[in-house]
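Examining the three-dimensional arrangement
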Amino acid sequence: MKKVTVIGAGSFGTALSIVLARAGNKVNLWARESEIAYGINNQHRNPSYISDVTLPDAVVCFNDLEKCVPGRDMIVFATPSHAMREVANTVKPHLTGEEIVVSVAKGIENDTFMTMSQVLSEVLEGVIIDDKIGVLSGPSHAEEVSKFRPTTVVATSFSKRTAGIIQETFMTPMFRIYLNYDIIGVEIGGAVKNIMAIAAGIVDGASLGDNAKAALITRGLHEIKRLGMRLGASQDTFSGLAGVGDLIVTCTSEHSRNRYVGYHIGQGLKLDDIVSKMNMVAEGIRTTRSVYDWSNKLNVEMPITEAVYKVLFEEKDPKDMLYDLMTRNPKEEIMI
Ligand SMILES: NC(=O)C1=CN([C@@H]2O[C@H](COP(=O)(O)OP(=O)(O)OC[C@H]3O[C@@H](n4cnc5c(N)ncnc54)[C@H](OP(=O)(O)O)[C@@H]3O)[C@@H](O)[C@H]2O)C=CC1
Ligand SMILES: O=C(CO)COP(=O)(O)O
């Protein structure tokens, strides 16, 4: 049994706190809103996220970091990637250096192009060594995880020991964890699939058909792999849960927020109008900006990312997106 604090009582932080409690750990959950802490502690429900789920007594929610971070074995960051730097900075003064720190966020920081473990490593330097940082990622929609639907993910870290401790701490019969030591590959897979899910949503929303969707997923995987391998990732990771596994679930699931954004764009709605009606984060929007800029800088060809970027940020008509992709120069299928 470990003492674990989950930072961020959104959909995934709430779902993971249920898993961690089910796995026998003592769980603190930090919410930035006091009403969420009140709802969880008094009604065993998160009033704002996955509110149809009952939380176990073993999850105690706080909105004061001082009360829930010191003296823990593991800190799990479940806030969105654009908030990771700010949140890690506020958590840092409460850490001793003994904790294992885990990111479950799927995104790439704008401007720095850092993955979340890299942001944690930079912000927590001097307190947490890199070997104590890890990542949990894979096909795992909060709505299903919280209801004990069978889910499999990977744990990764700079250190095999840390990855093993993460595996041990989260594992339950309905939440199975594999080890994978390719941290960059796991993080690129988790972040970039969100761009492909927006594209898949556009395909569905604009009724472009199942052939187009299959092509999109397949070529999307190729694109994720191309960026990942350029950054030193292992090709095999992209055939695994953090690669094709998460890509499939996010491009096809009714629960995916990124697919939802794409779907409504495909239906002709404007990005700002879609986002203003959502209470949850669709990481792929910001990640499209990061990856588009980054791929240009690295000279990595990412045509789907470029197409999504133009639809999201340059008001390109989504119906033209697939046409543009289809009419690119003829080429060989396998070119990394
Ligand atoms: N939902 C899912 O199925 C999965 C999500 N993930 C990843 O987990 C991460 C979190 O996603 P998810 O829980 O779904 O997101 P939600 O939108 O459901 O919740 C976001 C949470 O982060 C908090 N938050 C937002 N901005 C800040 C900030 N600046 N400072 C502090 N807290 C902040 C929100 O607080 P408040 O309520 O006060 O706004 C809320 O608790 C994302 O990177 C996502 O990609 C990974 C796997 C599955
Ligand atoms: O990463 C996820 C599932 O594995 C969640 O995807 P969405 O953010 O698109 O809902």
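Residues numbered from 1 in each chain as written. Chains lettered and ligands numbered in written order. Predicted model: local features only at pLDDT ≥ 70, side-chain atom pairs only at ≥ 80, totals over all residues.

**Thoughts on the site of ligand 1**
In the vicinity of ligand 1 lie 27 residues, with G10, S11, F12, A83 and A105 positioned nearest. Looking at the shell around ligand 1, the elements with two or more residues in it are α1 (11-22) and α4 (81-91). Per-element tally for the shell around ligand 1: the top contributor is α4, with four residues. Tallied by class, residues from the shell around ligand 1 come to 12 nonpolar, 10 polar and five charged. When residues are assigned to domains, the shell around ligand 1 turns out to be shared by domain 1 (3-181) and domain 2 (189-326), each giving three or more. (Near = placed C-beta within 6 Å. Helix = DSSP H or I, 4+ residues; strand = E, 2+ residues; numbered from the N terminus. Nonpolar A, V, L, I, M, F, W, Y, C, P; charged D, E, K, R; others polar. Domains from an automatic or database assignment.)

**What about the site of ligand 2?**
By nearness alone, 15 residues border ligand 2, and S140, T250, S256, R257 and N258 come closest of all. Listing elements by their share of the shell around ligand 2, those giving two or more residues are α8 (183-205), α10 (241-252) and α11 (257-266).

**As for the environment of A88**
Among the structural elements, A88 can be located in helix α4. Assessed through the 24 C-beta atoms surrounding it within 10 Å, A88 is described here as buried. Taking the C-alpha atoms as reference points, A88 and F77, 11 residues apart in sequence, are found 8.1 Å from one another. (Buried ≥ 20, exposed ≤ 12 C-beta atoms within 10 Å, placed from the backbone.)

**Some details on the domain arrangement of the protein chain**
In terms of domains, the protein chain is made up of domain 1 (3-181) and domain 2 (189-326). Centre-to-centre, using C-alpha coordinates, domain 1 lies 25 Å away from domain 2. Between domain 1 and domain 2, the contact holds 22 residues from the first and 23 residues from the second. Counting residues per element, the ones that place at least two in the side of domain 1 that touches domain 2 are α4 and β7 (151-157). Among the elements that line the side of domain 1 that touches domain 2, the one with the most residues is β7, at three residues. Tallied by class, residues from the side of domain 1 that touches domain 2 come to seven nonpolar, 12 polar and three charged. (Contact = placed C-beta atoms within 7 Å.)

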